[in-house]
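Close look at the chain arrangement
Here is what each chain is made of, one letter per residue.
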Amino acid sequence: MTPDALVRLVAGCALQYPGDHFHDELPRLRAALAGAPAEPAALLGSFLDHTESLGPIELCAEYTSTFDTRGRRCLYLTWWVDGDTRRRGLSLVRLKRIYRDFGLEFTGEELPDFLPVALEFAALREEAGTELLQEHRAGLELLRLALTESGSPYARVLEAVCATLPGPSPETKAEAKALARNGPPQELVGAGSPLEPFGPGIDMPADLPWPTLAERRTA
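Residues numbered from 1 in each chain as written. Predicted model: local features only at pLDDT ≥ 70, side-chain atom pairs only at ≥ 80, totals over all residues. Heavy atoms only, no water.

A few points about the overall build of the protein chain
Note the following rule: Helix and strand definitions here come from DSSP, where helices need a minimum of 4 consecutive H or I residues and strands a minimum of 2 consecutive E residues; each element is numbered from the N-terminal end. Accessibility here uses a 1.4 Å probe with only protein chains present; expressed as a share of the type maximum, an area under 20% marks a residue as buried, one over 50% as exposed, and anything in between as partly exposed. Residues are treated as being in contact if the distance between any of their heavy atoms lies within 4.5 Å. Each accessible area value is a Shrake-Rupley result obtained with a 1.4 Å probe; residue values ignore everything except the protein chains displayed when judging cover.
Each helix and strand in the protein chain was counted, giving 12 helices and 0 strands. Secondary structure elements of the protein chain, listed N to C terminal, follow the sequence α-α-α-α-α-α-α-α-α-α-α-α. Looking at the protein chain as a whole, 51% of its 219 residues are labelled buried. The long-range fraction of contacts in the protein chain, counting pairs at least 24 apart against all pairs at least 6 apart in sequence, stands at 72%. Summed over all atoms, the accessible surface of the protein chain reaches about 10600 Å², with 54% contributed by carbon and sulfur.

Here you go:
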């Protein structure tokens, strides 16, 4: 597994609702970061230090108060593009088909645009996953900026995620909104064809440091 893939997996775990057992996973998350690039590893390590300073109830409360649409801190990628409109349903169907075409079947309570799900996909199928994250780059950057503005420790996680993508991050909301209007610069998009159509399915790596979302849902 590549260094960027490890960053995405750890970030995806950090962005899930922590529940009662998140602290039990900290040793494995820290071990995975040993193979990650220095800058995003430091950002995620700092976030894990923060979580370690909180009890499970405090951490869950912080997560719940951080991520909501009212504060424009939403973890659902299509919300940034489609909002709560009928069009969003079509986007969700498309994402499910994308994952299925690459051998991933997500079931259960997660929607396919939930950022931890997209990050897992982007770790397991990096080229297509990077294109998918780039397609939603404006939403990711707006979320990063909103978390930074609110002083949330979760901003470090989004910074680490954006560090795995080509090109610099926008520095202001105006720049991020311009990205939303114009799309990523063409040179930042993968050299392959766009996300439609997709190629053959993938084999799951056998060396993942923890069960994937797909494995947990189909177990």
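Observations regarding the packing of helix H1 (residues 3-14) against helix H3 (residues 38-52)
Our working rule: Where helices are involved, their axes are fitted lines through C-alpha atoms of the stretch in contact, as for all axes, and angles between N-to-C directions lie from 0 to 180°. Note on angle classes: values under 35 degrees are labelled roughly parallel, values over 145 roughly antiparallel, values of 65 to 115 roughly perpendicular, and the remainder oblique. Crossing handedness: left-handed means the near helix sits turned counterclockwise from the far one by under a right angle, and right-handed means the same turn made clockwise.
H3 packs onto H1 with a crossing angle of 20 degrees between their chain directions and a minimal axis gap of 11 Å. What the angle tells us is that H1 and H3 run roughly parallel. Here H1 and H3 pass one another in a crossing that is left-handed. Each of Val7, Val10, Ala11 and Ala14 in H1 lies in contact with H3, whose residues at this interface are Pro40, Leu44 and Phe47.

Re the confidence of the model for the protein chain
Filter applied, for reference: For every residue, the predictor states its confidence as a pLDDT score lying anywhere from 0 to 100.
Summary statistics for the protein chain give a mean pLDDT of 80 and a share of 75% for residues scoring 70 or more. Scored below 50 in pLDDT, residues 183-211 makes 57 contacts in the model with residues more than four places away or belonging to other chains. Under a pLDDT of 50 for its full length, residues 214-219 has, in the predicted model, 13 contacts with residues more than four places off or in other chains.

Notes on the packing of aromatic side chains
The geometry of two aromatic rings is summed up by the distance between their centres and the angle between their planes. To keep things clear, this is the line we draw: Pairing of aromatic rings covers Phe, Tyr and the six-membered ring of Trp, with a centre-to-centre limit of 6.5 Å; geometry is then stacked below 30 degrees between planes, edge-to-face above 60, and tilted otherwise.
Scanning all chains against the criterion turns up 9 aromatic pairs. Taking the centre distance of 5.0 Å and the plane angle of 85 degrees together, the rings of Trp79 and Trp80 count as edge-to-face. Accessibility expressed as a relative area gives 12% for Trp79, which makes it buried. Classification of Trp80 by relative accessible area gives buried; the value is 15%.

Observations concerning the pattern of salt bridges
Heads up, the condition is: Any Lys or Arg side-chain nitrogen located within 4 Å of an Asp or Glu carboxyl oxygen qualifies as a salt bridge.
For the structure shown, the criterion picks out 9 salt bridges. Note that Arg88 is salt-bridged to Asp113, the shortest N-O span being 3.0 Å. Residue Arg88 is located in helix H6 (residues 86-101), and its partner Asp113 is located in the loop between H6 and helix H7 (115-124); the two are separated by 25 residues in the primary sequence. In this structure Asp113 comes out as buried when scored by relative accessible area, which is 0%.

Focus on the packing of helix H2 (residues 22-33) against H3
Test applied: By the convention adopted, Pro, Cys, Tyr, Trp, Phe, Met, Ile, Leu, Val and Ala count as nonpolar, Lys, Arg, Asp and Glu as charged, and the other residues, Gly among them, as polar.
Relative orientation of the contacting elements H2 and H3 amounts to 160 degrees, with a least axis distance of 11 Å. Considering the angle they form, H2 stands roughly antiparallel to H3. The two elements H2 and H3 meet at a crossing, and its hand is left-handed. Across the interface between the two elements, Phe22, His23, Leu26, Leu29, Arg30 and Leu33 from H2 touch Ala41, Leu44, Gly45, Leu48, Asp49, Thr51 and Glu52 from H3. Of the residues belonging to the contact of H2 with H3, the class tally is 7 nonpolar, 3 polar and 3 charged.

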